[in-house]
Amino acid sequence: MMVKFYYPDGDWCYRAIHTVHAVFHNTEGKLIARAEKGDRNGYYEFEITGFELKGPGEILT
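Undergrad: Teacher, can you tell me more about the pattern of salt bridges here?
TA: Opposite charge on two side chains allows them to pair when their charged atoms are near. Following the criterion strictly, the structure yields four salt bridges and no others. Here E45 ties to R34 by a salt bridge, and the two come within 2.9 Å at their closest N and O atoms. Here the residue E45 occupies a position in strand β5 (residues 43-48), and R34 occupies one in strand β4 (residues 31-36), the gap between them amounting to 11 residues. The closest approach of N and O atoms between E36 and R40, which form a salt bridge, is 3.5 Å. Since its relative accessible area comes to 64%, R40 is described here as exposed.

Following this line, the structure appears as structure tokens:
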């Protein structure tokens, strides 16, 4: 399973679901995602405008 995140600038990216820790609204009301760092040493947060879950067999676009 993959998560497709949409960024405020219109760009997007995919992350494996097991690397996603949380999606929440911060105190300013912005939608934030928290994901595992590439070196697996903690997490980082980034602003998103939305997300989709993509399962096995679905076309990743």
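Undergrad: Can you help me understand the sheet that holds strand β2 (residues 12-16) in this one?
TA: Strands pair in a sheet through their backbones, by hydrogen bonds, and they do so in one of two ways: parallel or antiparallel. Ordered in space as β2-β1-β6, the three strands form an open sheet in which the pairing is antiparallel. Unpaired on one side and paired on the other, β2 and β6 (50-54) mark the two borders of the sheet. Strand after strand, the sheet turns through a mean of 25° between neighbouring axes, direction not considered. Across five bridges, the pairing between strand β1 (residues 2-6) and β6 is antiparallel. Across the sheet, F5 pairs through a bridge with F51, a residue of β6.

Undergrad: Please explain the sheet that holds β4 as it appears in this structure.
TA: Strand order in the open sheet formed by three strands is β3-β4-β5, and the pairing between neighbours is antiparallel. Two strands in the sheet have a free side with no partner beyond their single neighbour: β3 (20-25) and β5. Shown here is a sheet whose adjacent strand axes are inclined to one another by a mean of 20°, direction ignored. In this structure, β3 lies alongside β4, joined through five bridges in antiparallel fashion. Bridge assignment links V20 to a residue of β4, and that residue is A35.

Thresholds, definitions, all that
Residues numbered from 1 in each chain as written. Predicted model: local features only at pLDDT ≥ 70, side-chain atom pairs only at ≥ 80, totals over all residues. Heavy atoms only, no water. Salt bridge = Lys/Arg side-chain N within 4 Å of Asp/Glu carboxyl O. Helix = DSSP H or I, 4+ residues; strand = E, 2+ residues; numbered from the N terminus. Buried < 20%, exposed > 50% of the residue type's maximum accessible area, 1.4 Å probe, protein only. Pairing = 2+ DSSP bridges. Axes fitted to C-alpha atoms, helices over the stretch in contact; angles between N-to-C directions.

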